[in-house]
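Okay, here's what each chain looks like letter by letter:
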Amino acid sequence: MAYNIYTPWGCFLIQILILFAKSSAKVPAVIVFGDSSVDSGNNNQIPTIARSNFQPYGRDFLGGVATGRFSNGRISPDFISEAFGLKPTIPAYLDPMYDISDFATGVCFASAGTGYDNATSDVLNVIPLWKEVEYYKDYQTKLRAYAGSKKANEILREALYLISIGTNDFLENYYALLERRMQFTPQQYQDFLVGLAQNFIKELHSLGARKISLTGLPPMGCLPLERTNNILEDNGCMEGYNILALEFNGKLKTLVSKMNKELPGLQLVSANAYDIFLHIIRKPSVYGFEVTEQGCCGTGRFEMGSLCDLYNRFTCTDANKYVFWDSFHPSQKTSQIISNHLVKNYLAKFL
Ligand SMILES: *[C@@H]1O[C@H](CO)[C@@H](O)[C@H](O)[C@H]1NC(C)=O
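Residues numbered from 1 in each chain as written. Predicted model: local features only at pLDDT ≥ 70, side-chain atom pairs only at ≥ 80, totals over all residues.

Novice: Got a minute to help me understand the packing of helix α9 (residues 186–206) against helix α11 (residues 239–262) in this structure?
Specialist: Axes are the key here: two packed helices are described by the angle between their axes and the distance separating the axes. As a packed pair, α9 and α11 sit with axes 10 Å apart at the nearest point and diverge in direction by 35°. Taken as a pair, α9 and α11 cross one another with a handedness that is right-handed. Mapping the contact onto sequence places Pro186, Gln190, Val194, Ala197, Gln198 and Ile201 in α9 and Leu244, Glu247, Phe248, Lys251, Leu252, Leu255 and Met259 in α11. Here the contact of α9 with α11 is composed, by residue class, of 9 nonpolar, 2 polar and 2 charged. (Axes fitted to C-alpha atoms, helices over the stretch in contact; angles between N-to-C directions. Helix = DSSP H or I, 4+ residues; strand = E, 2+ residues; numbered from the N terminus. Left-handed = near helix turned anticlockwise from the far one by under 90°. Contact = placed C-beta atoms within 7 Å. Nonpolar A, V, L, I, M, F, W, Y, C, P; charged D, E, K, R; others polar.)

Novice: Would you explain α11 in this entry?
Specialist: It helps to recall that an α-helix has 3.6 residues per turn; residues three or four apart then point in one direction. With 24 residues, α11 extends 35 Å between its outermost C-alpha atoms, agreeing within 8% with the 34 Å of an ideal straight helix rising 1.5 Å per residue. Among the residues making up α11, those that are buried are Tyr241, Asn242, Leu244, Ala245, Phe248, Asn249, Leu252 and Val256. (Expected span 1.5 Å × (residues − 1). Buried ≥ 20, exposed ≤ 12 C-beta atoms within 10 Å, placed from the backbone.)

Novice: Would you mind going over unusual backbone geometry with me for this structure?
Specialist: Among all residues except glycine, the phi angle is most often negative; among peptide bonds, the trans geometry is most common. At the junction of glutamine 55 and proline 56, the peptide bond is cis and its omega measures out at 5° in the coordinates. One can find proline 56 in the loop between β1 (30–34) and α2 (76–83). Although it is not a glycine, aspartate 234 sits at a positive phi angle of roughly 60°. For aspartate 234, the position within the fold is in the loop between α10 (224–229) and α11. Positive phi, normally seen in glycine, also occurs at asparagine 235, with a value near 60°. Its 16 C-beta neighbours within 10 Å are what place asparagine 235 among the partly exposed residues.

Novice: Just to check I follow, could you spell out the nonpolar core for this structure?
Specialist: The tendency in soluble globular proteins is for nonpolar side chains to be buried as a group. Counting 88 residues, the largest nonpolar core has Val30, Val32, Cys108, Ala159, Tyr161 and Ile212 as the members making the most contacts within it. Counting residues per element, this core draws most heavily on α11, at 6 residues. Valine 30 has contacts with Pro77, Ile80, Ser81, Phe84, Leu86, Ile90, Gly106, Ala159, Leu160 and Leu162, leaving out every residue within four places of it along the chain. (Core = buried A, V, L, I, M, F, W, Y, C linked by C-beta atoms within 7 Å.)

Novice: Is there a simple way to explain the packing of helix α5 (residues 129–147) against helix α6 (residues 149–158) in this structure?
Specialist: As a packed pair, α5 and α6 sit with axes 7 Å apart at the nearest point and diverge in direction by 130°. By the angle between their directions, the pair α5 and α6 is classed as oblique. For the element pair α5 and α6, the recorded crossing hand is right-handed. In contact with Gln140, Leu143, Arg144 and Ala147 of α5, α6 contributes Ser149, Lys151, Ala152, Ile155 and Leu156. (Parallel < 35°, antiparallel > 145°, perpendicular 65-115°, else oblique.)

Novice: For this particular structure, what's the right way to read the sheet that holds strand β5 (residues 267–270)?
Specialist: Sheets are built from strands paired through backbone hydrogen bonds, the pairs being either parallel or antiparallel. Reading across from one edge, β2-β1-β3-β4-β5 is the order of the 5 strands in this open sheet, with parallel pairing throughout. Of all strands in the sheet, those bounded by a partner on one side alone are β2 (106–108) and β5. The mean inter-strand angle of the sheet, taken between neighbouring strand axes irrespective of direction, is 15°. The sheet contact formed by strand β3 (residues 160–164) and strand β4 (residues 211–215) spans 5 bridges and is parallel. Residue pairing in the sheet places tyrosine 161 in a bridge with isoleucine 212 of β4. (Pairing = 2+ DSSP bridges.)

Novice: How do you make sense of the pairing of β3 when you look at a structure like this?
Specialist: Within a regular strand, the side chains alternate between the two sheet faces. Of all 5 residues that make up β3, 5 are buried, and the element is covered over most of its length. Of the two faces of β3, the one holding Leu160, Leu162 and Ser164 and the one holding Tyr161 and Ile163 are both buried throughout. Bridge analysis of β1 against β3 gives 5 bridges, and the strand direction is parallel. Within the sheet, the bridge partner assigned to valine 32 lies in β3 and is leucine 162.

Set out below in structure tokens:
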């Protein structure tokens, strides 16, 4: 049976629905920590080569602006924020174009190239995770001054925190450099990182965060850059990296259930992006993609950051046909599909 919204009764129902939707809008802000998978432009403000604030990055973003997102358009936190009825893009905390009135409903502390491990952020001289937390403390102070203590504490408590980090610890640090490999086996290094993740979440909790989404590793053996290196196997996925990612994600999942039992009021969610991402890579046509082995920018085989710019003339014309935008990061369309999946399957309980 269908109600006609033009009858008084239909109108009344709509009013009730709107009132209900308003009173149950439980997430007042989205607050983001992590690496390039979620950085919306903090690295523009620090001296590092891990940047993307130039074309062709951002060419499908509103106004074609290269914001520093490692994408042709928006990234996951933007889509998640929008799904929660908040703004469609989350500003970077270090971006001088924005202030606390913008950050009150969404803010990003992430930094491309960073990791759980301090040694990872040192590689490209980006913001270490502990410093993202320092910025978050600074944000809390500003938010209290802006909104008053009571309101600010409510925002900080009810906000949805998104954490996406870890790929660089393995690909930019452990497997690229010797130091950590001399100290740890891959399994020991995973456990070391899980310990750092635990400390990080504990600290967020002690600072007032409750609703936290933790995303683990993507199927990182299928990133175009890793395929390019996999010459012996005809540029197939590096299965070893995918197995490692699954192992690490499993450990994070165990950590999540443990911490939910230990920390009062914590609602920590393990938001698994691995399976949907791998499905997109294996069955691209199901999602309307045509290319999965290479990224859109440059030749698609090795470029990211400034190399995308340098090899711009090879860049594809329609990034919507590509699972990957550059050799390391998903296209906007892939991010949108993954975000919808995360909201529907893991974050809906916060809606
Ligand atoms: C990372 O560096 C910060 C700042 O120097 C330090 O406080 C922290 O203990 C370090 N973390 C680890 C695991 O070494």
